[in-house]
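Examination of the molecular architecture
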Amino acid sequence: MTEVVKVTDENNNENKLLIDSFDSEPGYYCQVIRSMLTPGHETELVYWLKSFGLIPNTQICNNANINEDCNKIMEWTPVKTIDYYQWKCRNCSGKKSIRENSVFQDVKCNFKNSIRILLGWCKGYDAELMANILGVKSRTVKVLYNAVSATARKHLKSQQNKKVGGPGIIVLVDTYPEGCTNSSRPNQANRPILCIAEIKDIPPNYWFEALNRYHRNNVQQIMDVKEHILTVIQDVVVPGSILVSRQDSTLCSFFDLQKLSHIYPTIVSVEGLARHNSANQEILANLEIIWKLALNVCEEAQFFNYEQVPNFFISQMWHSRFGNESFETLLNRLADLQ
Ligand SMILES: [Zn+2]
């Protein structure tokens, strides 16, 4: 490191307590990240991001295709901006941001806060709340949340990664607010949500998907939502899983799911499960716990802005899949993009 460049930190003193408390997150964050977020360690953080692969390790000048002298790895040089460094062409005056082609490309805050936003996403923090803690614009948080969610969603849906269910594994399908509550009169003002849960372990492996609102007398709207649900099931539930749903569900009844019987040969109704007492009693007892956990997530989602709900679900699913390793796994997946 040749030069330490002084820049003003965006975080004011009022937020310091909030940030200190946020930074007390244990595990990988504490062991690896926290020391690099303290004053004086800014360049250390930038070097770490580069070596970890969260920002590119090399860059080639944009003029390389018109001038072959530019076709060399650019030079990493100190600069007086919040990034501390930039890439400079060794031939022409071409420059590149060290954020280019990274998840931070369009994120308008320093790297310390960017890393904190990644943790906030893993913890399911609302974008506004995260913006308040850090003293940055909520738009900044949303840009990074959207980028992270897109990567996480792709990973959760990838073939290499375990999706929901598997041959012979029971997968429950229902919608909120109709099916996931014990109330006989669910609140129709709530946004409908598709809940898919694998009944194997507690906590179960879930998939949540925000659905469009519909009027219960509008046949076309209901048909569209039903179509959407069938598409999501095929997308995330492993073929050969045993599908279970209620007979009287408006959006995904036992009868609606029969359209997928070529992919899921065994489709059972909850009522059918109840008729076979012995082995299924344990499953039925688990149903209540499973829906209670799903209900918490769906109700929390009602507090989010409409456009942030899908991001919230992805972060919840990410957390239920990776638990204490959510943050570390996320950093690794983001590094894979480089
Ligand atoms: Zn050049």
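Residues numbered from 1 in each chain as written. Predicted model: local features only at pLDDT ≥ 70, side-chain atom pairs only at ≥ 80, totals over all residues.

With that out of the way, let us pick up helix H5 (residues 127–134). For H5, the set of buried residues is Ala-127, Met-130, Ala-131, Ile-133 and Leu-134. Along H5, the residues classed as buried sweep out an arc of 160 degrees about the axis, all on the same side. Gly-135 sits one or two positions beyond H5 and adopts a positive phi of about 70 degrees. (Buried ≥ 20, exposed ≤ 12 C-beta atoms within 10 Å, placed from the backbone. Helix = DSSP H or I, 4+ residues; strand = E, 2+ residues; numbered from the N terminus. Arc of directions from axis to C-beta.)

Glancing now at unusual backbone geometry. A cis amide bond links Tyr-176 with the next residue in sequence, Pro-177, at an omega value of 5 degrees. Here Pro-177 shows up in the loop between strand E4 (170–176) and strand E5 (193–198). Residue Tyr-84 is not a glycine yet carries a positive backbone phi of 70 degrees. Following the sequence through the fold, Tyr-84 ends up in the loop between strand E1 (75–78) and strand E2 (85–88). Phi is positive for Asn-101, close to 60 degrees, though the residue is something other than glycine.

Another aspect to go through is the nonpolar core. Membership of the largest hydrophobic core comes to 79 residues, with the highest contact counts inside it found for Val-148, Cys-195, Ile-196, Phe-208 and Leu-330. Built from parts of two domains, this core gets at least three residues from each of domain 1 (13–157) and domain 2 (170–303). What Phe-208 contacts, discounting residues up to four positions off in sequence, is Ile-193, Leu-194, Cys-195, Val-297, Phe-313, Gln-316 and Met-317. (Core = buried A, V, L, I, M, F, W, Y, C linked by C-beta atoms within 7 Å. Domains from an automatic or database assignment. Contact = placed C-beta atoms within 7 Å.)

Next up on the list: the pairing of E5. Counting buried residues in E5 gives six out of six residues, a clear majority hidden from the surface. Going residue by residue along E5, you find Ile-193, Cys-195 and Ala-197 tucked away on one face and Leu-194, Ile-196 and Glu-198 tucked away on the opposite face as well. Across six bridges, the pairing between E4 and E5 is antiparallel. Bridge pairing in E5 links Val-173 to Ile-196. (Pairing = 2+ DSSP bridges.)

Another aspect to go through is the sheet that holds strand E3 (residues 95–97). Backbone-to-backbone hydrogen bonds join strands into a sheet, with any given pair of strands oriented parallel or antiparallel. Spatially, the three strands line up as an open sheet ordered E1-E2-E3, and their pairing is antiparallel. Each of the sheet's edge strands pairs with one partner strand only, and the pair in question is E1 and E3. The mean angle between the axes of side-by-side strands here comes to 40 degrees, regardless of whether they run parallel or antiparallel. (Axes fitted to C-alpha atoms, helices over the stretch in contact; angles between N-to-C directions.)

Here we come to the confidence of the model for the protein chain. With 88% of its residues at a pLDDT of at least 70, the protein chain reaches an overall mean of 87. Helix H9 (residues 277–301) is the least confidently modelled element of the protein chain, averaging 76 in pLDDT, while E2 averages 97, the highest of any element. Scored below 50 in pLDDT, residues 1–11 shows 18 contacts in the model against residues more than four places distant or in partner chains. (pLDDT = per-residue confidence, 0-100.)

Turning our eyes to something else, we now look at the packing of helix H4 (residues 111–122) against helix H11 (residues 326–336). Where H4 contacts H11, the axes come no closer than 9 Å and their chain directions differ by 120 degrees. The angle between H4 and H11 places the two elements in the oblique class. Crossing handedness for the pair H4 and H11: right-handed. Where H4 abuts H11, its residues Leu-118, Leu-119 and Cys-122 lie against Ser-326, Phe-327 and Leu-330. Looking at the contact of H4 with H11 residue by residue, the class counts come to five nonpolar, one polar and no charged. (Parallel < 35°, antiparallel > 145°, perpendicular 65-115°, else oblique. Left-handed = near helix turned anticlockwise from the far one by under 90°. Nonpolar A, V, L, I, M, F, W, Y, C, P; charged D, E, K, R; others polar.)

The subject of this paragraph is helix H3 (residues 42–52). Among the residues of H3, Glu-42, Leu-45, Val-46 and Leu-49 are the ones counted as buried. An end-on view of H3 places all buried positions within 100 degrees of arc, on one side of the element.

With that settled, consider the packing of H5 against helix H6 (residues 138–157). Closest axis-to-axis distance for the H5/H6 pair is 8 Å, and the angle between their directions is 125 degrees. As far as their axial angle goes, H6 and H5 are oblique. Considering the relative orientation of H5 and H6, their crossing is right-handed. On H6, the residues that touch Ala-127, Glu-128, Met-130 and Ala-131 of H5 are Ser-138, Val-141, Lys-142 and Tyr-145. Its residues placed into classes, the contact of H5 with H6 shows five nonpolar, one polar and two charged.

Moving on to the sheet that holds strand E7 (residues 242–245). The strand order across the open sheet built from five strands is E6-E5-E4-E7-E8, with neighbouring strands paired in mixed fashion. Each edge of the open sheet carries a strand with a single partner, namely strand E6 (205–210) and strand E8 (267–269). The mean inter-strand angle of the sheet, taken between neighbouring strand axes irrespective of direction, is 20 degrees. Sheet topology note: the E4/E7 ladder contains three bridges and is parallel. Considered in E7, the bridge of Val-171 is made with Leu-243. Its contacts with the sheet put helix H7 (residues 219–236) on E4, E5 and E6, and the angle it makes with E5 is roughly 30 degrees.

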